[in-house]
Amino acid sequence: MLQTIQLTFFTGVLILLSLCIIACLIAAIKGPSLGDRMVAANMTGTLTIIAICVLAWHLNEGWLVDVALIYAMLSFIAVVVLTKIFIGSYKSGSEEDEDDPQ
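Residues numbered from 1 in each chain as written. Predicted model: local features only at pLDDT ≥ 70, side-chain atom pairs only at ≥ 80, totals over all residues. Heavy atoms only, no water.

Caption draft 1: Representation of the overall build of the protein chain within the structure. When its secondary structure is counted, the protein chain shows three helices and zero strands. The burial tally for the protein chain puts 19% of its 102 residues in the buried class. For the protein chain, contacts bridging at least 24 residues in sequence account for 50% of all contacts bridging at least 6. (Helix = DSSP H or I, 4+ residues; strand = E, 2+ residues; numbered from the N terminus. Buried < 20%, exposed > 50% of the residue type's maximum accessible area, 1.4 Å probe, protein only. Contact = heavy atoms within 4.5 Å.)

Caption draft 2: Looking closely at the side chain of Thr 44. For Thr 44, the location among the structural elements is in helix H2 (residues 34–59). With a relative accessible area of 10%, Thr 44 lands in the buried category. When sequence neighbours within four positions are dropped, the list of residues in contact with Thr 44 reads Ile 21, Cys 24 and Leu 25.

Caption draft 3: The arrangement of the environment of Ile 87 in detail. Mapped onto the elements of the fold, Ile 87 is located in helix H3 (residues 63–99). Placed 52 residues apart in sequence, Ile 87 and Gly 35 show a C-alpha to C-alpha distance of 10.0 Å.

Caption draft 4: Inspection of the side chain of Ser 75 at higher detail. For Ser 75, the position within the fold is in helix H3. On the accessibility criterion, Ser 75 (15% relative accessible area) is buried.

Caption draft 5: Quick look at unusual backbone geometry. In this model, Asn 60 sits at a positive phi of 55°, which is unusual for a non-glycine residue. Tracing the backbone through its elements, the reader meets Asn 60 in the loop between H2 and H3. Residue Asn 60 is classed as exposed on the basis of its relative accessible area of 69%.

Caption draft 6: A look at a nonpolar patch on the surface. On the surface, Ile 70, Met 73, Leu 74, Phe 76, Ile 77, Val 80, Val 81, Leu 82 and Ile 85 cluster together into a nonpolar patch covering about 880 Å² of accessible area. Among the structural elements, Ile 70 can be located in helix H3. For Ile 70, a relative accessible area of 48% puts it in the partly exposed group. (Patch = residues over 30% accessible without salt bridge, like charges linked within 9 Å, V, L, I, M, F, W, Y side chains within 5 Å. Areas by Shrake-Rupley, 256 points an atom, 1.4 Å probe, with all protein chains shown as cover. Salt bridge = Lys/Arg side-chain N within 4 Å of Asp/Glu carboxyl O.)

Caption draft 7: Structural view of H2. The end-to-end C-alpha distance of H2, which contains 26 residues, comes to 37 Å, matching closely the 38 Å that a straight helix rising 1.5 Å per residue would cover. Within H2, the full set of buried residues consists of Met 38, Ala 40, Thr 44, Gly 45, Leu 47, Thr 48, Ile 49, Ala 51, Ile 52, Val 54 and Ala 56. At the exit of H2 stands Asn 60, carrying a positive phi of roughly 55°. (Expected span 1.5 Å × (residues − 1).)

Caption draft 8: How the structure looks around helix H1 (residues 2–30). With 29 residues, H1 extends 42 Å between its outermost C-alpha atoms, agreeing within 8% with the 42 Å of an ideal straight helix rising 1.5 Å per residue. On its buried face, H1 is in contact with H2.

Right, here's the structure in full:
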């Protein structure tokens, strides 16, 4: 009885997480600005980490938590690199505005 409830709960959680990941991917593609796209990409990574942890709990596999930790580190590095690129493009755009007095 309890295993059936747990199976239903974990299945529901994983379906909900996958729907949220799809919504974040759509927001990352269609986002109105580069900043919104970066936030959506970061949220996709976070939701993926949560899904891996839920799956690890459901399957009783400890090694999946290690995979989630590695994915978290890679996601953090990706966000730092994207932020650096975003700041660089923002600064270059503001320098062009200063050089063009009109």
